[in-house]
Structures are given as structure tokens and as C-alpha cells.
Amino acid sequence: MVSKIERRNKIKTRIRGRISGTAQRPRMTVFRSNKQIYVQLIDDLAGRTLVATSSRGIEQKGTKCEIAAMVGTAIAAKALEAGITEVVFDRNGYLFHGRVKSLADAARSAGLKF
């Protein structure tokens, strides 16, 4: 029987084999813990994080999905400020559901294309 973490790592490796970020179109990767959600825009060719934000910087209260949506709009604002309009979305092995989906939808509606 495969554990939940092993299953996620297997999916993660499969996804990372297909996608890669560049300076013009960085990889937008999501990590979620039990309490927080983190997102980074990564240039894989240079091995640098271009923009990053997380729910740790958000003071407002709400459900985890609402806070994830706030993080999505925050990363989109930082990315547009840095001149990044298009990204490749890396869900990092998580299902595209719940917090990950609300973060992606908020980033899309705030102006990021992916």
C-alpha cells in the first residue's frame, strides 16, 4: 500500500518531468502545509526564485480556501510588478482541488496567464 506522501511524490516527479520554467515564463509552484500555503515563481534554467509569497504574511482571517485566494492575488500582483505575465502552473503533486484550485483561480483572475 502506497502512502499519501509517496503517491504525491510520484505525481510530483511525473509533473516535473514535463514542465520547466524560464525567465519569461517561470514555473509557479505551490506548497501547502496543514496551516499555511506557499507559492513561488521559479526560473529553472537559472535555478532562481523570482517571486515568492505565502499565507504567513496575510493578517486577515478566513477559511483556508479564502486565504489561499488572497495568496493567489498577492502572487499575481508581485509577478505583474516584476514584469511576469505568463507562468507554468506546477501543482506539486497535490490534487487541483480546494486550496490549490482557489489559489490558481485567484491568480488567473488577477491577471496571470497559465
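Note that the structure is predicted; figures quoted are calculated from it, not measured.

Some thoughts on the overall build of the protein
Then step 1. What the protein contains, in helices and strands, is three helices and four strands.
Then step 2. Counting from the amino terminus, helix and strand elements in the protein follow one another as α-β-β-β-α-β-α.
Then step 3. In terms of overall size, the protein behaves like a compact globule, its C-alpha atoms giving a radius of gyration of 14 Å where 114 residues would be expected to give roughly 13 Å.
Then step 4. With the C-alpha coordinates aligned to their principal axes, the bounding extent of the protein is approximately 45 × 35 × 20 Å.
Then step 5. The 114 residues of the protein split such that 37% are buried.
Then step 6. Taking the contacts inside the protein whose residues are at least 6 apart along the sequence as the reference set, 60% of them involve residues at least 24 apart.
Then step 7. Surface accessibility of the protein: about 6,900 Å² in total, with carbon and sulfur atoms responsible for 52%.

Looking at unusual backbone geometry
Then step 1. In this structure, Asn 92 takes a positive phi of about 65° despite not being glycine.
Then step 2. Position of Asn 92 among the secondary structure elements: in the loop between strand 4 (88–90) and helix 3 (99–109).

Let's talk about the side chain of Ser 54
Then step 1. As for its position among the elements, Ser 54 is in strand 3 (residues 48–54).
Then step 2. The buried category is assigned to Ser 54, whose relative accessible area is 15%.
Then step 3. Within polar-contact distance, the side chain of Ser 54 engages the backbone nitrogen of Arg 56 at 3.2 Å.
Then step 4. In contact with Ser 54, not counting residues within four places along its chain, are Ile 37, Tyr 38 and Val 71.

Some thoughts on the packing of aromatic side chains
Then step 1. This model, assessed by the stated rule, comprises four aromatic pairs.
Then step 2. A centroid spacing of 5.2 Å and a plane angle of 15° characterise the contact between Phe 89 and Phe 114, whose relative ring orientation is stacked. Within this pair, whereas Phe 89 is found in strand 4, its partner Phe 114 is found in the segment after helix 3, the two being separated by 25 residues in sequence.

Here's the deal with the packing of helix 2 (residues 64–81) against helix 3
Then step 1. The N-to-C vectors of helix 2 and helix 3 enclose an angle of 35°; their axes lie 7 Å apart at closest approach. Here the hand of the crossing between helix 2 and helix 3 comes out right-handed. Contacts from Lys 64, Cys 65, Ala 68, Ala 69, Val 71, Gly 72, Thr 73, Ile 75 and Ala 76 of helix 2 reach helix 3 at Arg 99, Ser 102, Leu 103, Ala 106 and Ala 107.
Then step 2. When grouped by side-chain class, the residues that make up the contact of helix 2 with helix 3 number nine nonpolar, three polar and two charged.

Thoughts on the nonpolar core
It is characteristic of soluble globular proteins that their nonpolar side chains tend to be buried jointly.
Then step 1. In this structure, Met 28, Val 30, Val 39, Leu 41, Ile 75, Leu 103 and Leu 112 are the most contacted members of the largest nonpolar core, which totals 20 residues.
Then step 2. Contributing elements (two or more residues each) for this core: strand 1 (27–32), strand 2 (37–43), helix 2 and helix 3.
Then step 3. No other element matches the five residues that helix 2 contributes to this core.
Then step 4. Not counting chain neighbours up to four residues away, the residues in contact with Val 30 comprise Ile 37, Tyr 38, Val 39, Phe 89, Asp 90, Arg 91, Asn 92, Tyr 94, Val 100 and Leu 103.

Parameters at a glance
Residues numbered from 1 in each chain as written. Predicted model: local features only at pLDDT ≥ 70, side-chain atom pairs only at ≥ 80, totals over all residues. Heavy atoms only, no water. Helix = DSSP H or I, 4+ residues; strand = E, 2+ residues; numbered from the N terminus. Rg over C-alpha atoms; globule rule 2.2 N^0.38 Å. Buried < 20%, exposed > 50% of the residue type's maximum accessible area, 1.4 Å probe, protein only. Contact = heavy atoms within 4.5 Å. Areas by Shrake-Rupley, 256 points an atom, 1.4 Å probe, with all protein chains shown as cover. Polar contact = N/O pair within 3.5 Å; in protein donor to acceptor, adjacent residues only side chain to side chain. Phe/Tyr/Trp six-rings, centres within 6.5 Å; stacked < 30°, edge-to-face > 60°. Axes fitted to C-alpha atoms, helices over the stretch in contact; angles between N-to-C directions. Left-handed = near helix turned anticlockwise from the far one by under 90°. Nonpolar A, V, L, I, M, F, W, Y, C, P; charged D, E, K, R; others polar. Core = buried A, V, L, I, M, F, W, Y, C linked by side-chain atoms within 4.5 Å.

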